[in-house]
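Here are the chains, one letter per residue:
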Amino acid sequence: MTTTTGPHPTRRLILQGAASVALLGLGNLPFTAAPARAAANDKYPDEAFKQKNEADAIKALYGKTAEPSDKVKLDAPEIAENGGVVPISVTTTLDKVTSISFFVAENPFALAASYRIPDGTLPSVANRLKMAKTTNVTALVEADGKLYSATKEVKVTVGGCGG
Amino acid sequence: MASSIRVRATSNGDITEVQALIQHPMDTGLVKDSKGEVIPAHFIQQLKFECNGKDVFVADWGTAVSKDPYVKFSFKGAKKGDELKISWTDNKGGSDTTTAKIA
């Protein structure tokens, strides 16, 4: 009898100890991961893709705000019959372009795609995006450390969220 | 197995135009199937193009990129016959790689 009750408290203590250590470890993770993200980082910008709102996504990705520019040419259809496949492209006459990103304002997550443009690659990208509903599409061009944008409204007749 | 990546890279003087089409479901994690169960998110996160040992284009994608994604871009500094290496990784750890000769 004494032998069966004996080991229990200690084992429980050890387990509790292990659990609290594990919790501490998990709790620390987000804080240590956060500062590692910068605009020019080579890593996948996880946090930016999780932002629901466009302004937050831009902040998470670049840490600064953009100014509209007529040197950014966004090509998107007036009306997209199928929101699941909306052809969108952007080109710019700006110099020293380092990245181009696409945002769809009222999608569940605003940031759709972000492209890194190394030296020697032309600042022009075409792709296809999903759009949940009629909303603004914004192309952001990072050139010489500054952000420039172009926005266009695309009317969606059938949403891209299935169902 | 056939590659999930189809690429066409054509040289036009100094500029190489690249078009790529990838087969991938690009599930958002927000859509339900016919039984009402959520289809888990499954999408390409990063797509890389390398030529002559240098990254020429890197795409970071979220779930809002269409199913079977398409992308087009152009770069300088390559010539006909050079090899272009394309690779992607998705959020479930899946990946694929292929190479294409610039025509």
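Here the structure is a predicted model, which is why all the values come from computation and not from measurement.

Novice: How should I be thinking about unusual backbone geometry in this particular structure?
Specialist: In terms of backbone geometry, most residues other than glycine have negative phi values and most peptide bonds are trans. Residues and elements named next belong to chain B. Phi is positive for Met26, which is not a glycine, with a value near 50°. Its place among the elements puts Met26 in the loop between β2 (15–22) and β3 (44–51). You can call Met26 buried: its relative accessible area is 1%. One non-glycine residue, Asp68, lies in the positive phi region at around 50°. Position of Asp68 among the secondary structure elements: in the loop between β4 (54–61) and β5 (70–76). Look at Asp68 and you get partly exposed, because its relative accessible area is 29%.

Novice: So what exactly am I meant to see when it comes to the UniProt feature "domain: Sulphur oxidation protein SoxZ" (unreviewed entry) in chain B here?
Specialist: Feature annotation in UniProt places "domain: Sulphur oxidation protein SoxZ" (unreviewed entry) on residues 6–100 of chain B, given in this structure's numbering. A helix fraction of 0% and a strand fraction of 55% characterise residues 6–100 of chain B, whose end C-alpha atoms lie 9 Å from each other.

Novice: Whenever I open this one, the side chain of Thr138(A) confuses me. Can you help?
Specialist: Along the chain, Thr138(A) falls in strand β8 (residues 135–143). In this structure, Thr138(A) is in contact with Glu54(A), Ser101(A), Phe102(A), Phe103(A), Ser149(A), Ala150(A) and Thr151(A), ignoring residues within four places of it in sequence.

Novice: Is there a simple way to think about the sheet that holds β2(B) in this case?
Specialist: The strands making up a sheet associate through backbone hydrogen bonding, with each pair oriented either parallel or antiparallel. One open sheet holds the six strands; their spatial order is β2(A)-β4(A)-β7(A)-β5(B)-β2(B)-β1(B), and the pairing between them is antiparallel. On the outer flanks of this sheet lie β2 (72–75) of chain A together with β1 (5–12) of chain B, each paired with one strand and no other. Ignoring which end each strand starts from, the neighbouring axes of this sheet average 15° apart. Looking at chain direction, β2(B) and β5(B) are connected through seven bridges and run antiparallel.

Novice: Can you walk me through the side chain of Thr98(B) in this structure?
Specialist: Residue and element names in this part refer to chain B. Looking at the secondary structure, you find Thr98 in strand β7 (residues 95–101). Take Thr98: its relative accessible area is 19%, and that puts it in the buried class. Setting aside its immediate chain neighbours within four residues, Thr98 contacts Ser3, Ile5, Val7, Leu84, Lys85 and Ile86.

Novice: Can you help me understand the pairing of strand β4 (residues 86–92) of chain A in this one?
Specialist: Residues in a regular strand point their side chains to alternate faces of the sheet. Residues and elements named next belong to chain A. For β4, the tally of buried residues reaches five of seven residues, placing the bulk of the element in the interior. Of the pairings in the sheet, the one linking β2 to β4 comprises four bridges and is antiparallel in character. Considered in β4, the bridge of Asp75 is made with Ser89. The sheet contact formed by β4 and strand β7 (residues 124–129) spans six bridges and is antiparallel. Bridging across to β7, Val86 finds its partner in Leu129.

Novice: Help me understand the interface of chain A and chain B in this model?
Specialist: When the parts of a complex come together, some accessible area is lost, and that lost area is often taken as the interface size. Between chain A and chain B, the contact holds 31 residues from the first and 32 residues from the second. When residues of chain A are sorted by the area they lose upon contact with chain B, Tyr44(A), Arg128(A) and Lys130(A) head the list and together hold 27% of the total. Summed over the shared surface of chain A and chain B, the number is one salt bridge. A salt bridge links Asp60(B) to Arg116(A), with the nearest nitrogen and oxygen atoms 2.7 Å apart. For the side of chain A that touches chain B, the elements supplying multiple residues, two or more each, are α3 (46–50), β6 (111–116) and β7 of chain A. Per-element accounting of the side of chain A that touches chain B gives the leading share, six residues, to β7(A). A per-class count over the side of chain A that touches chain B returns 17 nonpolar, seven polar and seven charged. The pairing of β7(A) with β5(B) spans two bridges and is antiparallel. If you follow Ala126(A) over to β5(B), its bridge partner there is Lys72(B).

Novice: Before we go on, may I ask you to explain the nonpolar core in this structure?
Specialist: The nonpolar side chains of a soluble globular protein tend to be buried with one another. Ranked by internal contacts, the top residues of the largest apolar core, which has 65 residues, are Phe102(A), Tyr115(A), Phe49(B) and Trp61(B). When sequence neighbours within four positions are dropped, the list of residues in contact with Tyr115(A) reads Thr98(A), Ser99(A), Ile100(A), Phe102(A), Val125(A), Asn127(A), Phe57(B), Val58(B), Ala59(B), Trp61(B) and Val71(B).

Novice: What is the right way to read the environment of Ile102(B) from this model?
Specialist: All names here are of chain B. Residue placement: Ile102 occurs in the segment after β7. Owing to a relative accessible area of 3%, Ile102 belongs among the buried residues under this scheme. With residues up to four places along the chain from it excluded, the contact list for Ile102 reads Ala9, Thr10, Ser11, Thr16, Cys51, Phe75, Ala78, Lys79, Lys80, Gly81 and Asp82.

Here is what the cut-offs are and how they apply
- Residues numbered from 1 in each chain as written.
- Chains lettered and ligands numbered in written order.
- Predicted model: local features only at pLDDT ≥ 70, side-chain atom pairs only at ≥ 80, totals over all residues.
- Heavy atoms only, no water.
- Helix = DSSP H or I, 4+ residues; strand = E, 2+ residues; numbered from the N terminus.
- Buried < 20%, exposed > 50% of the residue type's maximum accessible area, 1.4 Å probe, protein only.
- UniProt positions renumbered as here; feature names shortened; annotations may be inferred.
- Contact = heavy atoms within 4.5 Å.
- Pairing = 2+ DSSP bridges.
- Axes fitted to C-alpha atoms, helices over the stretch in contact; angles between N-to-C directions.
- Buried area = accessible area lost by both parts, 1.4 Å probe.
- Salt bridge = Lys/Arg side-chain N within 4 Å of Asp/Glu carboxyl O.
- Nonpolar A, V, L, I, M, F, W, Y, C, P; charged D, E, K, R; others polar.
- Core = buried A, V, L, I, M, F, W, Y, C linked by side-chain atoms within 4.5 Å.

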